[in-house]
Amino acid sequence: MDLSTVTRGFPKEKTKVLAVINQKGGVGKSTTVVNLAAALAELGAAVLVVDIDPQGNATSGLGVDKNSLDNDVYSTLMTRKAFKSCIVPTETNNVYIAPATLQLAGAEIELTKKKKRETVLKRKLKTLLPSFDYILIDCPPSLGLLTLNALVASTAEVVPLQCEYYALEGVAKLLETTKLVQRTENPELSIEGVVLTMYDRRTSLSRAVAADAKDFFGDKVFSTLIPRQIKMAEAPSHGEPITTYAPFSKGARAYKKLAREVLNRG
């Protein structure tokens, strides 16, 4: 892809690279990546989504046909190909994606054979930084080598936390991994924020989980609450973010509000 066609919207000194991460599955991680990317782009940002989850939900959620790809994240991580060779534009204006396919499932094992295996993604992304305002990395639901690569490559983390039982389960391990990466590979890594997903204001459970999260993370918790909504679940099957599939829905309004919070955090 010719990156000169990408239009940056903000005179930012540094590209913000955000790892969207939670080793617990089903928390709205890919949903947050897709919709936050679209909402940031609506505000004028040039956004690259890097899908390193072998499930490829962010890829399909942005309408990319995995069967039509010449290159993907796997082929560029494992070879000397330039990372930009796998980037494709999406139907959402100013949102681009480095897509994932099932081939990526073998990357965890193959990365162990590489020198400086935890910095492969960082080195690949380095040349792309001048072209984008934000890079959002959709991490797999694990704390393996792919996720470690994302943390080493990122400036900060966004942690989606679903408002259900056991929401905080495993968070201590994530924080432990974050501190390890800070000490050994990426001292600049921080938690950008915790986003509460699948929130249902009618239930005492959602309110209790939100309160627990605020007690645990303090002001790191975004004020925006992402609601549980049918249209949010429908949008990926149409290959669209909620901001275009149902632009006036509660979900779309929530992700637009979240995007403004992310911008305000610098």
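Because the structure is predicted, anything quoted here is derived from the model rather than measured.

(A) The arrangement of the overall build of the chain in detail. Along the backbone of the chain there are 11 helices and 8 strands. The C-alpha atoms of the chain give a radius of gyration of 17 Å, which matches the 18 Å a tight globule of 266 residues would have. Each principal axis of the C-alpha atoms in the chain carries an extent, and together these give about 50 × 40 × 35 Å. Burial analysis of the chain (266 residues in total) assigns 55% to the buried set. Within the chain, residue pairs in contact and separated by at least 24 positions form 80% of the contacts whose partners lie at least 6 positions apart. When the accessible area of the chain is evaluated, it comes to approximately 12100 Å², of which 52% is carbon and sulfur surface. Positive and negative side-chain charges of the chain, numbering 35 and 28 respectively, have mean locations separated by a distance of 3 Å.

(B) Geometry of the layout of surface pockets. Space inside the largest pocket adds up to approximately 350 Å³. Forming the boundary of the largest pocket are 14 residues, of which Tyr199, Arg201, Pro227, Arg228 and Lys250 lie nearest the centre. The element that contributes the greatest number of residues to the lining of the largest pocket is strand β8 (residues 221-227), accounting for 5 residues. Considering only residue class, the lining of the largest pocket consists of 5 nonpolar, 3 polar and 6 charged.

(C) Quick look at the sheet that holds strand β4 (residues 95-98). One open sheet holds the 8 strands; their spatial order is β3-β4-β2-β5-β1-β6-β7-β8, and the pairing between them is mixed. Among the strands making up the open sheet, the edge pair consists of β3 (88-89) and β8. Here helix α8 (residues 204-217) sits on the sheet in contact with β6 (156-162), β7 (190-199) and β8, set at roughly 175° to β7. Across the sheet, helix α11 (residues 250-264) lies against β1 (16-20), β5 (134-138), β7 and β8, angled at about 165° from β8, the strand it touches most.

(D) Local environment of the packing of aromatic side chains. Taken as a whole, this structure holds 3 aromatic pairs when the rule is applied. Taking 5.8 Å as the distance between ring centres and 65° as the angle between the ring planes, the aromatic pair formed by tyrosine 96 and phenylalanine 132 counts as edge-to-face. In this pair, tyrosine 96 sits in strand β4 while phenylalanine 132 sits in the loop between α5 (120-125) and β5, placing the two residues 36 residues apart along the sequence. Here tyrosine 96 matches phenylalanine 132 in class, with each residue buried.

(E) Seen up close, helix α1 (residues 29-42). Relative to the 20 Å expected for 14 residues at 1.5 Å per residue, α1 spans 20 Å between its end C-alpha atoms, a close match to the ideal helical length. α1 sits mainly inside the fold: 12 of its 14 residues count as buried. Within α1, burial applies to Lys29, Ser30, Thr32, Val33, Val34, Asn35, Leu36, Ala37, Ala38, Ala39, Leu40 and Ala41. Where α1 terminates, the next one or two residues include glycine 44, which has phi positive at roughly 110°.

(F) Region of the structure containing α11. Relative to the 21 Å expected for 15 residues at 1.5 Å per residue, α11 spans 21 Å between its end C-alpha atoms, a close match to the ideal helical length. Turning to α11, its buried residues number three or more, namely Gly251, Ala252, Ala254, Tyr255, Leu258, Ala259, Glu261 and Val262. Downstream of α11 by a residue or two, glycine 266 has a phi angle that is positive, lying close to 95°.

(G) Examining the side chain of threonine 177 more closely. Along the polypeptide, threonine 177 turns up in helix α7 (residues 171-184). A relative accessible area of 15% places threonine 177 in the buried class. Among all residues touching threonine 177, those that are not within four sequence positions of it are Leu143 and Leu151.

(H) Structural context of the nonpolar core. With 54 residues, the main nonpolar core has Val50, Leu77, Phe83, Leu104 and Ile137 as its most contacted residues. Top element by residues in this core is helix α6 (residues 145-153). It accounts for 6 residues. Those residues in contact with leucine 104, other than ones at most four positions away along the chain, are Asp51, Ile52, Asp53, Pro54, Val73, Tyr74, Leu77 and Leu146. Listed in part, the 35 residues of the second largest apolar core include Val49, Ala58, Leu258 and Ala259.

About the cut-offs
- Residues take numbers from 1 onward in each chain, read along the sequence in its written order.
- Where totals are concerned, whole chains, interfaces and linings use all residues; where local detail is concerned, this predicted model gives features only for residues with pLDDT of at least 70, and gives and counts side-chain atom pairs only at 80 or more.
- Processing note: side-chain calculations cover all non-hydrogen atoms of the structure and skip hydrogens and water entirely.
- Secondary structure counts use DSSP, requiring at least four H or I residues in a row for a helix and at least two E residues in a row for a strand, with both numbered from the N terminus.
- Values of the radius of gyration come from C-alpha atoms, whereas the globule rule sets the reference at 2.2 Å times the count of residues to the power 0.38.
- Each residue's exposure class comes from its accessible area (1.4 Å probe, protein chains only) as a fraction of the maximum for that residue type: buried when under 20%, exposed when over 50%, partly exposed otherwise.
- We call two residues in contact when some of their heavy atoms are within 4.5 Å.
- Using the Shrake-Rupley algorithm and a 1.4 Å probe, accessible areas are obtained, with residue cover drawn only from the displayed protein chains.
- Charged residues are defined narrowly, with Lys and Arg counted positive, Asp and Glu counted negative, and His plus the chain ends left uncounted.
- A charged residue contributes its charge at one atom only: NZ of Lys, CZ of Arg, CG of Asp or CD of Glu.
- Using protein atoms alone on a 1 Å grid, points that fit a 1.4 Å probe yet trap it form a cavity, whereas open point sets bounded by protein on both sides within 12 Å along at least five of seven lines form a pocket; residues with an atom within 4 Å of a point count as lining.
- Grid points are joined across faces, edges and corners, and a volume is the space filled by probe spheres set on the points.
- Under the grouping applied here, Gly and all other residues not named as nonpolar or charged are polar, the nonpolar ones being Ala, Val, Leu, Ile, Met, Phe, Trp, Tyr, Cys and Pro and the charged ones Asp, Glu, Lys and Arg.
- Paired strands, as defined in this entry, are two strands with at least two bridges between them according to DSSP.
- Axis lines are fitted to C-alpha atoms, over the contacting stretch for helices. Their N-to-C directions set the angle, which ranges from 0 to 180 degrees.
- Any two rings among Phe, Tyr and Trp, with Trp reduced to its six-membered ring, count as a pair given centres within 6.5 Å; such a pair is stacked if its planes are under 30 degrees apart, edge-to-face if over 60, and tilted if neither.
- Expected span of a helix, by definition, is 1.5 Å for each gap between consecutive residues, and there is one gap fewer than residues.
- The term nonpolar core refers to a set of buried residues drawn from Ala, Val, Leu, Ile, Met, Phe, Trp, Tyr and Cys, joined through side-chain atoms within 4.5 Å.

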